[in-house]
Amino acid sequence: MPQDPAPFTRHVRVHRDRGCTVLALRGEIDIAAAQEIIPYLDRATDRPGARVVIDLSGVDFFDCSGLRLLYRARGRLLERGGELRLVCTHPLTLRVLKVTGLARLLPPQPTLQAALAQPRAASGSG
């Protein structure tokens, strides 16, 4: 059953592509933005076996609230047998992901197309 795209909000747009739910985040991802994003994130990660891509290519600023969103999504998907893929190229965000070890668990891809082309199970289940 096709899912209608969610309306644009200031910090997130949700759409479907190649069987994955894509959450395209944008702007400054801080505590206020995280509160706006959580309901969309929870909806996307609620189904057993869900395949989710979080696209950070439109993000200008990413703090610990953003990290909590990624850990939340990963945990929810692992509990339900799903997959999480990540898109990120911003140097400062990549540095945060590497320093925290999250880049090892969710290897960031340079583009949405690259994330969507990943084989199944390459989703941070390790």
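Think of each chain on its own: its residues are numbered from 1, step by step along the sequence as written. Given that the model is predicted, a residue must reach a pLDDT of at least 70 before its local features are reported, and side-chain atom pairs must reach 80 or more before they are shown or counted; all residues, however, enter totals for whole chains, interfaces and linings. Based on all heavy atoms of the structure, the side-chain values leave hydrogens and waters out of the count.

Now for the overall build of the chain. Scanning the chain from terminus to terminus reveals 5 helices and 5 strands. Starting at the N terminus, the α and β elements of the chain follow one another as β-β-α-β-α-β-α-α-β-α. Think of it in three bands: with a 1.4 Å probe and only protein chains considered, a residue is buried below 20% of the maximum accessible area for its type, exposed above 50%, and partly exposed in between. The buried share among the 126 residues of the chain stands at 49%. Only heavy atoms enter the contact rule, under which two residues are in contact if any of them lie within 4.5 Å. Nonlocal contacts in the chain, meaning residues at least 24 apart in sequence, comprise 67% of its contacts between residues at least 6 apart. A 1.4 Å probe and the Shrake-Rupley method give the accessible areas. Residues count as covered only by the protein chains that appear here. Working note: accessible area of the chain is about 6500 Å², and carbon and sulfur atoms make up 57% of it. We count a stretch as a helix when DSSP gives it H or I for four or more residues in a row; a strand needs E for two or more, and each element gets its number in order from the N terminus.

We now examine the pattern of salt bridges. We define a salt bridge as a side-chain nitrogen of Lys or Arg found within 4 Å of a carboxyl oxygen belonging to Asp or Glu. If you walk through the whole model with that rule in mind, you get 8 salt bridges. Between arginine 76 and aspartate 42 there is a salt bridge, with its nearest N and O atoms 3.5 Å apart. Within this pair, whereas arginine 76 is found in helix H2 (residues 64-79), its partner aspartate 42 is found in helix H1 (residues 31-44), the two being separated by 34 residues in sequence. Notably, a salt bridge pairs arginine 80 with glutamate 79, separated by 3.4 Å at the nearest N-O pair. Taken together, the salt bridges that share partners define one network made up of Asp42, Asp46, Arg72, Arg76, Glu79 and Arg80.

With that settled, consider the environment of glutamate 79. Along the chain, glutamate 79 turns up in helix H2. Classification of glutamate 79 as exposed rests on a relative accessible area of 65%. Through-space distance from the C-alpha of glutamate 79 to that of threonine 45 is 9.7 Å; in sequence the pair is 34 residues apart.

At least two bridges found by DSSP between two strands is the condition for calling them paired. On the basis of which strands lie adjacent, the open sheet formed by 5 strands has the order S1-S2-S3-S4-S5 and mixed pairing. The strands lining the two open edges of the sheet, one partner per strand, are strand S1 (12-17) and strand S5 (108-109). By the bridge criterion, 5 bridges tie strand S3 (residues 51-62) to strand S4 (residues 83-87) in an arrangement that is parallel. Looking across to S4, one finds that valine 53 is bridged to arginine 85. Against the sheet, H2 engages strand S2 (20-29), S3 and S4, with an angle of about 175° to S3. Packing against the sheet, helix H3 (residues 91-100) makes contact with S3, S4 and S5, and its axis sits at approximately 120° to S3. Axis definition: a line fit to C-alpha positions, over the contact stretch in the case of helices; interaxial angles, taken between N-to-C directions, run 0 to 180 degrees.

In this structure, glutamate 83 sits in strand S4. A polar atom in the side chain of glutamate 83 sits 3.0 Å from the side chain of arginine 85. Pairs of N or O atoms are called polar contacts if they sit within 3.5 Å, as long as, within protein, a hydrogen donor faces a hydrogen acceptor (for residues adjacent in sequence, only side-chain-to-side-chain pairs).

Packing of H2 against H3 leaves a shortest axis separation of 11 Å and a crossing angle of 60°. For the element pair H2 / H3, the angle class is oblique. H2 and H3 meet at a crossing whose hand is right-handed. In contact with Leu67, Leu70 and Tyr71 of H2, H3 contributes Val96, Leu97 and Thr100. When residues are sorted by character, Ala, Val, Leu, Ile, Met, Phe, Trp, Tyr, Cys and Pro go into the nonpolar class, Asp, Glu, Lys and Arg into the charged class, and all the rest, Gly among them, into the polar class. When the residues that make up the contact of H2 with H3 are grouped by side-chain class, the tally is 5 nonpolar, 1 polar and no charged. The cut-offs work like this: below 35 degrees is roughly parallel, past 145 is roughly antiparallel, 65 to 115 is roughly perpendicular, and the gaps in between are oblique. By definition, any crossing whose near helix is turned counterclockwise from its far helix by less than a right angle is left-handed, and any crossing with a clockwise turn is right-handed.

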